[in-house]
Amino acid sequence: MFLENPLCKLLGIRYPIIQAGMAGQTTPELVAAVSNAGGLGILGATRMTPENILDAVRKIKMITTKPYGVNLWLGPQDGKKDQDISSVQQFLDQKFRKTLGLPLKSVSSLPERETKDLLPPSKLSGQLQIILEEKVPIASFAMGDPVKYVDQIHSTGAKIISMVTNVEDAISVAKNGSDIVMAQGSEAGGHRSIFDNNGALDEGYENIPLIGTMALVPQIVDALKKGIQARSIPVVAAGGIADGRGLLAALALGASGIAIGTRFLVCRESGALQGYRERLLSSSETNTVVTKAFTGVPARVLNNTFVKEYAKSELKPLRWPLQRFVANDIYENAQTKDDANYYPLYSGQGLRMLKRNQSAEEVVNEIMIQAKERLSILEKQMEK
Ligand SMILES: Cc1cc2nc3c(=O)[nH]c(=O)nc-3n(C[C@H](O)[C@H](O)[C@H](O)COP(=O)(O)O)c2cc1C
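The structure presented is a predicted model; accordingly, all values stated were derived computationally and were not measured.

**So, the overall build of the protein chain**
Thought 1: Counting its regular elements, the protein chain contains 15 helices and 11 strands.
Thought 2: Expected size for 384 residues packed as a compact globule is a radius of gyration near 21 Å; at 20 Å, the protein chain falls within 12% of this value.
Thought 3: Projected onto the principal axes, the alpha-carbon positions of the protein chain cover approximately 70 × 45 × 40 Å.
Thought 4: Within the protein chain, the proportion of its 384 residues that are buried is 56%.
Thought 5: In the protein chain, of all internal contacts separated by at least 6 residues, the share reaching a separation of at least 24 is 70%.
Thought 6: Just so you have it, the protein chain exposes about 16,600 Å², and 51% of that area is on carbon and sulfur atoms.

**Quick word on the sheet that holds strand S5 (residues 159-164)**
Strands belonging to one sheet form pairs held by backbone hydrogen bonds; the direction of such a pair is parallel or antiparallel.
Thought 1: Judged by pairing direction, the barrel is parallel, and its 8 strands sit side by side in the order S1-S2-S3-S4-S5-S6-S8-S9 before closing back on the first. Each neighbouring strand pair of the sheet contributes to a mean axis angle of 25 degrees, computed without reference to strand direction.
Thought 2: Note that strand S2 (residues 40-44) and strand S3 (residues 68-73) share 4 bridges and pair parallel. Residue pairing in the sheet places Leu43 in a bridge with Val70 of S3.
Thought 3: Here helix H2 (residues 28-36) sits on the sheet and contacts strand S1 (17-19), S2 and S3; the angle it forms with S2, its principal contact strand, is near 165 degrees.

**Looking at the sheet that holds strand S10 (residues 288-291)**
Thought 1: Here 3 strands make up an open sheet; going across it, the order is S7-S11-S10 and the pairing antiparallel. The outermost strands of the open sheet, each flanked by one partner alone, are strand S7 (190-191) and S10.

**A short note on the domain arrangement of the protein chain**
Thought 1: Domains assigned within the protein chain are domain 1 (1-78 + 122-272 + 355-384) and domain 2 (80-118 + 281-353).
Thought 2: Using only C-alpha atoms to locate each centre, domain 1 and domain 2 end up separated by 26 Å.
Thought 3: Taken together, the 34 residues of domain 1 in the interface contact 24 residues of domain 2.
Thought 4: For the pair domain 1 and domain 2, the summed buried surface comes to about 2,500 Å²; carbon and sulfur atoms form 57% of the total.

**Here's the deal with the packing of aromatic side chains**
The relative placement of two aromatic rings is captured by the distance of their centres and the angle of their planes.
Thought 1: Applying the stated criterion across every chain yields a total of 10 aromatic pairs.
Thought 2: A ring pair is formed by Phe294 and Tyr331, whose centres lie 5.4 Å apart and whose planes are at 65 degrees; its orientation type is edge-to-face. Of the two residues, Phe294 is situated in the loop between S10 and strand S11 (299-302) and Tyr331 in helix H14 (residues 322-337); the sequence distance between them amounts to 37 residues. Assigned by exposure class, Phe294 and Tyr331 land together as buried.
Thought 3: Ring geometry for Phe306 versus Tyr310: centroids 5.7 Å apart, planes at 40 degrees, classification tilted. Here the residue Phe306 and the residue Tyr310 both occupy positions in helix H13 (residues 305-312), the gap between them amounting to 4 residues, near one helical turn. Of the two residues, Phe306 and Tyr310, both sit in the buried class.

**As for the environment of Pro317**
Thought 1: Mapped onto the elements, Pro317 comes out in the loop between H13 and H14.
Thought 2: Sequence-wise, Pro317 and Leu224 are 93 residues apart; in three dimensions their C-alpha atoms are separated by 35 Å.

**Digging into the environment of Thr213**
Thought 1: If you trace the backbone, Thr213 turns up in helix H9 (residues 213-225).
Thought 2: When its relative accessible area of 7% is taken as the criterion, Thr213 is described as buried.
Thought 3: Considering only alpha carbons, one finds Thr213 and Lys148, 65 residues apart in sequence, at a separation of 28 Å.
Thought 4: Setting aside residues no more than four positions away along its own chain, Thr213 makes contact with Gly185, Ser186, Glu187, Pro218, Ala237, Ala238, Gly239, Ile241 and Leu253.

**Quick word on the pairing of S3**
Thought 1: In terms of residue burial, S3 counts as a mostly covered element, since 6 of its 6 residues are buried.
Thought 2: Alternating residues of S3 divide into Tyr68, Val70 and Leu72 and Gly69, Asn71 and Trp73, and every residue in both groups is buried.
Thought 3: One crossover worth recording links S2 to the parallel S3 by way of helix H3 (residues 50-63), and it is right-handed.
Thought 4: Here S3 runs beside strand S4 (residues 138-142); their pairing, made up of 5 bridges, is parallel. Bridge pairing in S4 links Leu72 to Phe141.

Definitions and cut-offs
- All residue numbers refer to positions counted from 1 along the written sequence of the respective chain.
- Given that this is a predicted model, residues contribute local features only at a pLDDT of at least 70 and side-chain atom pairs are listed and counted only at 80 or more, while totals for whole chains, interfaces and linings are drawn from all residues.
- The side-chain quantities take in all heavy atoms of the structure and omit both hydrogens and water.
- Only DSSP runs of H or I with at least four residues qualify as helices, and only runs of E with at least two residues qualify as strands; both kinds are numbered from the N terminus onward.
- In this treatment the radius of gyration is a C-alpha quantity, and the globule benchmark scales as 2.2 Å times the residue count to the 0.38 power.
- In this scheme, a residue with accessible area under 20% of its type's maximum is buried, one over 50% is exposed, and one in between is partly exposed, where area comes from a 1.4 Å probe on protein chains only.
- We call two residues contacting when some pair of their heavy atoms lies within 4.5 Å.
- Here, Shrake-Rupley sampling with a 1.4 Å probe gives the accessible areas, and only protein chains in the shown set may cover a residue.
- For two strands to pair, DSSP has to find at least two bridges joining them.
- Axis definition: a line fitted to C-alpha atoms, over the contacting stretch in the case of helices. Angles run 0 to 180 degrees between N-to-C directions.
- Residue ranges labeled as domains rest on an automatic or database domain assignment.
- Two parts placed together each lose some accessible area under a 1.4 Å probe, and adding up what both lose gives the buried area.
- Centres within 6.5 Å are what make two rings of Phe, Tyr or Trp a pair, Trp counting through its six-membered ring; a difference in plane orientation under 30 degrees is then read as stacked, over 60 as edge-to-face, and the rest as tilted.
- Handedness of a crossover is defined as follows: orient the strands so they point away from the viewer, and if the path from the first strand over the helix to the second runs clockwise, the crossover is right-handed.

Structure, rendered in structure tokens:
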């Protein structure tokens, strides 16, 4: 059925279903299971050390011979810019560290000069090195244009997927050599794949445009159809898609496939903590918000205590990546205890479509069956 699908052809996969790279959640078992089922599994490797990526890639290769991907973030690495971390630390102390019994930090608030040293050096070049050395078949990127790395990545025969949130960024990544454009609608769980090209990550930039999958996909498809250097660039729809109806709708909009994050989070093979899974399974479409509170980059999450307290305060989160770094002790402590009130619960809006305790293979198969059934119902209706 999908032999002629441009995405399947390009990636060498059977079904046009991609499991989105999700930092911290995508185990080698999940990635390989999706690829073995005929889709494309992607390792969310943004926060992994190069050594950990190497281990994970080797595990994936032991479980599957099928194509798979590795995902990295290209967001700005500095995050300094005269940020006053002391008021954020005070707030975090009062609202969260005291409650969780963590050492307070506001006492040691640092001047700007030292703030620089707070940030660990970027891992990106080491991470990319693993993708190249291990000849990872698909490199997937968010939060920026991989233009600087395109030639190197292509030299290993790998394909490049870039995730965007608007037409302008879709055109630039396509012009600059990405092979596939992932259109991330505002329903999507996790961080918005915003490029830092127009101050989109600045502190004052609050009203981010939230373009839904339904509106974004056909506009990107149309823009890319005009031909970027005579190449045809498949578009993948992401955001709020969780079943066969979503696959069919995306194909109808002109996409060549779909990327799913949230539904794969509750699969047996995923790395999501139990408390996180339970929140996802008991939440509905009204329980998510887009917030900068966790990292400084807008992200769609379940509205837990951390988010609510931040929203009540007048405080602006620090600019990426400082906000995540400064508050990381809180998230790590809460994750150790699996207290889902105080760590990020990234989530898309398709929550009522989640199903408990399925394998990734069951999800892929169910989506394909449902899409085919829906299509034949629609065809019959159209004939009448
Ligand atoms: C828990 C979680 C973590 C995510 N982490 C990443 C990531 O590390 N890199 C990335 O490109 N996208 C990440 N995303 C966004 C996905 O790529 C994708 O856009 C989104 O999951 C699609 O929407 P859905 O969750 O409604 O299926 C994440 C999404 C979730 C839910």
